[in-house]
Amino acid sequence: MLNDIYQNLGVTRIINAAGTLTRLGGPPMVAEAVQAMKEASQWSVRIEELQERAGAYLAEVTGAEAGYVTSGASAGLQLAAAACIAGLDIRKMECLPDTSGMPNEIIVQRSHRNGYDHALRSAGARLVEVGHLGNPTGGYLAPWHIESAIHANTVAIHWVSMNLLEVVSLKDTITIAHRHHLPVIVDAAAALPPMENLQYFISEGADLVVFSGGKAIRGPQASGILVGRRDLIESVSLQHQDMDVLSETWTLREKFLKSNKIPGPPSQGIGRSLKVGKEEIAGLVVALKTYVKQDHSVWNQEQNEKLRVLKSGLQELPDLEVESFKSREETYPKLRLGIKDQAGITVVDIVLRLLDGDPAVAVGQEELSKGYLIIDPISLTIDQLDIVIKRFSSILFK
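Everything quoted here is computed from the prediction, not taken from an experiment.

Scoring rules and cut-offs
- Residues numbered from 1 in each chain as written.
- Predicted model: local features only at pLDDT ≥ 70, side-chain atom pairs only at ≥ 80, totals over all residues.
- Heavy atoms only, no water.
- Helix = DSSP H or I, 4+ residues; strand = E, 2+ residues; numbered from the N terminus.
- Rg over C-alpha atoms; globule rule 2.2 N^0.38 Å.
- Buried < 20%, exposed > 50% of the residue type's maximum accessible area, 1.4 Å probe, protein only.
- Contact = heavy atoms within 4.5 Å.
- Areas by Shrake-Rupley, 256 points an atom, 1.4 Å probe, with all protein chains shown as cover.
- Lys, Arg positive; Asp, Glu negative; His and termini not counted.
- Charge placed at Lys NZ, Arg CZ, Asp CG, Glu CD.
- Core = buried A, V, L, I, M, F, W, Y, C linked by side-chain atoms within 4.5 Å.
- Pairing = 2+ DSSP bridges.
- Axes fitted to C-alpha atoms, helices over the stretch in contact; angles between N-to-C directions.

Regarding the overall build of the chain
Logical step 1: Counting secondary structure elements, the chain contains 15 helices and twelve strands.
Logical step 2: Since a compact globule built from 398 residues should have a radius of gyration of about 21 Å, the 23 Å found for the chain is in line with a globular shape.
Logical step 3: Projected onto its principal axes, the C-alpha coordinates of the chain cover approximately 70 × 60 × 35 Å.
Logical step 4: Residue burial in the chain is summarised as follows: out of 398 residues, 52% are buried.
Logical step 5: Across the chain, the fraction of contacts at a sequence separation of at least 24, relative to all contacts at a separation of at least 6, is 68%.
Logical step 6: Looking at the chain as shown, the accessible area adds up to about 19000 Å², and 51% of this sits on carbon and sulfur atoms.
Logical step 7: Side chains of the chain carry 39 positive and 47 negative charges; the gap between the two charge centres is 1 Å.

Shown next, in the form of structure tokens:
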């Protein structure tokens, strides 16, 4: 049985109504990806060859010059920063994350700062914040803030796909960066759906774009997509792959040595701890192919139908206030649940009681401080909807 591994380990299974969160293991993988990983596990292959073939497909789908499969979006950001710092300079590659004496600054808008940009700093980058927060007119955040921060130590500009109004646009950011011959790194980890975003950031001129492979694509949780300029992806590959090789027999000797791009194979790079297995590469590629081929209008209808069923059932509970909402960047709605004052229970109590069971039920907590629970349907199956409704009912009527 599929759940035997968790039962045997004594691990609580979770009905995931919170979305594609990493801490919950993301959504279920598509069956095609599971099969691909099983098949990939049965043979040994040259990882550099597999990455090259996989990267060619990623480039085709996104419109980029080249692509690379990473062990998650965070790994993609770290490798992107490492590529912008080191380029094809082997000495710099072997020094990272120590960037003493070399340009290492990446400019980022203050409103784009978040916990995930730790990945950039892990490569040795120093983040330089620009702009100010708290001005309702947005006048404290303008393109000149970015341009004025550029100098000889700048290696890249970072831009995050977030639901924010007071930011310098991607287009303006890229215009400034390219005027100074600097690359732009885009964190688009959670920017899918819509599927069109697979090509949007590259079409705007971004130089490196990172997507999660374990969210909407429903590939392996520990997989990510990094696409962009060919020279930067080459730097990523050299800093990521196993470099326990001899110059005379190195698979990539024609590409890098005889072309005089580099004098010899670099040693194990900063990406060694971020290695991605053949199974994840295969699973990600197949999951992405499945994602691209699916009818996304039908998929959106399915999410809406799941929300309709949930809303209808939860509205029957007297102590719940239920409303649908959709942010500017989403293609399908979610549910926001509030607790009426007379209920005698808090949203925190409900979160904890939902998690107290097997299977447990996890809901979104991003608005918990405002007194709301969020239900995201993307990881839910049809047969789980009634269970969610009944769990809420059992808690509120206890």
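Some remarks on the nonpolar core
Logical step 1: V186, F201, V209, F211 and L288 are the most contacted members of the largest nonpolar core, which has 48 residues in total.
Logical step 2: In this view, F201 contacts W159, S161, L170, V186, A188, A191, A206, V209 and F211; residues no more than four positions away in its chain are not counted.
Logical step 3: Counting residues in each nonpolar core, the second largest holds 42 residues, with L77, I90, V108 and I270 among its members.

Topic: the sheet that holds strand β2 (residues 66-70)
Logical step 1: Taken together, the seven strands give an open sheet; going across it, the order is β2-β8-β7-β6-β5-β3-β4, and neighbouring strands pair in mixed fashion. At either margin of the open sheet sits one strand with a lone partner, and together these are β2 and β4 (126-130). Ignoring strand direction, the axes of neighbouring strands in this sheet form an average angle of 25°.
Logical step 2: The sheet contact formed by strand β6 (residues 184-187) and strand β7 (residues 208-212) spans three bridges and is parallel. Paired with D187 across the strands is V210, a residue of β7.
Logical step 3: Sheet strands in contact with helix α3 (residues 47-62) are β2 and β8 (224-228), and its direction is about 120° off that of β2.

Some details on unusual backbone geometry
Logical step 1: Of note, the amide linkage connecting L96 to P97 takes the cis form, showing an omega dihedral of 10°.
Logical step 2: Looking at where P97 falls in the secondary structure, it is placed in the loop between α5 (90-95) and β3 (105-109).
Logical step 3: Here the residue pair D358 and P359 is connected by a cis peptide bond, since its omega of 5° sits within 30 degrees of zero.
Logical step 4: Within the fold, P359 resides in the loop between α14 (347-355) and β11 (360-363).
Logical step 5: Of note in the backbone geometry, H181 takes a positive phi value of approximately 60° without being a glycine.
Logical step 6: Summarising the element assignment, H181 is placed in the loop between α8 (170-179) and β6.
Logical step 7: Judged by relative accessible area, H181 falls into the exposed class, the value being 74%.
Logical step 8: Phi angles above zero are rare outside glycine, and N260 is one such case at about 65°.

With respect to the environment of F211
Logical step 1: As for its placement among the helices and strands, F211 is situated in strand β7.
Logical step 2: With a relative accessible area of 0%, F211 lands in the buried category.
Logical step 3: For F211 and L77, which are 134 residues apart along the polypeptide, the C-alpha to C-alpha distance reads 9.5 Å.
Logical step 4: Dropping the residues within four chain positions of it, F211 is found in contact with A73, A188, A189, L192, N197, L198, F201, G224, I225 and V227.

Coordinates in, geometry out; function isn't part of it.
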